[in-house]
Amino acid sequence: AADRYALVICDMQPDLLKSIPAEARAALLDSIKPCIEGARANGWLIVFCGVKFPKGYANVTPKHRIYGGFQRLNAKMGDERAHWFMEGHPGTEIEPLLVPHEGDVVAWR
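Residues numbered from 1 in each chain as written. Predicted model: local features only at pLDDT ≥ 70, side-chain atom pairs only at ≥ 80, totals over all residues. Heavy atoms only, no water.

## Considerations on unusual backbone geometry
Part 1 of the reasoning: Residues other than glycine seldom take positive phi values, yet Asp11 does so here, at roughly 60°.
Part 2 of the reasoning: Within the secondary structure, Asp11 sits in the loop between strand S1 (6–10) and helix H1 (14–17).
Part 3 of the reasoning: Not every positive phi belongs to a glycine, and Asn59 is a case in point at roughly 70°.
Part 4 of the reasoning: Considering the arrangement of structural elements, one finds Asn59 in the loop between strand S2 (45–50) and helix H3 (67–77).
Part 5 of the reasoning: Accessibility expressed as a relative area gives 83% for Asn59, which makes it exposed. (Helix = DSSP H or I, 4+ residues; strand = E, 2+ residues; numbered from the N terminus. Buried < 20%, exposed > 50% of the residue type's maximum accessible area, 1.4 Å probe, protein only.)

See below:
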């Protein structure tokens, strides 16, 4: 059987990346792009994964240390003002500079 390799890229979402200073964020993305290009050129499977919640943070327990805070704030402010990692908002998607290609896998957790 032929060897099969994959490059797994996690949490490259604007909602998370914007917490990193702009210069460091640019350096991080600049270092990831050649990894992706090299893996593609060698026939590797590219897998992007990230966090995505349904509107209103449905099924997130308010007791969760981090995501519960998102849920509680969203309950007070609504989806338009409190929507980190929420489906339907651009900050949740894969960073546009790393846009997945046809055949790449995108897995949400």
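Still more to cover.
## What about the pattern of salt bridges?
Pairing is possible between side chains that carry opposite charge, provided their charged atoms lie close to one another.
Part 1 of the reasoning: The final tally for this structure, using the stated rule, is five salt bridges.
Part 2 of the reasoning: A salt bridge links Lys33 to Asp30; the nearest nitrogen and oxygen atoms lie 3.7 Å apart. Note that Lys33 and Asp30 are positioned in helix H2 (residues 22–41) at a spacing of three residues, about one turn of the helix.
Part 3 of the reasoning: Lys52 is the salt-bridge partner of Glu93, the closest N and O atoms lying 3.2 Å from each other. Residue Glu93 is found in the loop between H3 and strand S3 (105–108), and its partner Lys52 is found in the loop between S2 and H3; the two are separated by 41 residues along the sequence. (Salt bridge = Lys/Arg side-chain N within 4 Å of Asp/Glu carboxyl O.)

## A word on the pairing of S1
Residues in a regular strand project their side chains so that they alternate between the two faces of the sheet.
Part 1 of the reasoning: Of the two faces of S1, only one is covered, namely that formed by Leu7 and Ile9; the face formed by Ala6, Val8 and Cys10 stays uncovered.
Part 2 of the reasoning: Where S1 meets S2, five bridges bridge the pair, whose relative direction is parallel. Following the sheet pairing, Cys10 is matched in S2 by Cys49. (Pairing = 2+ DSSP bridges.)

## Remarks on H2
Part 1 of the reasoning: In this model, H2 (20 residues) spans 29 Å end to end at C-alpha, consistent with the 28 Å of a helix rising 1.5 Å per residue.
Part 2 of the reasoning: Listing the buried residues of H2 in full gives Leu29, Ile32, Ile36 and Ala39. Summarising the axial view, the buried residues of H2 lie within an arc of 90°, below the 170-degree limit, and thus occupy one face. Among the exposed residues of H2, those pointing more than 90 degrees away from its buried face are Glu23, Glu37 and Ala41. (Expected span 1.5 Å × (residues − 1). Arc of directions from axis to C-beta.)

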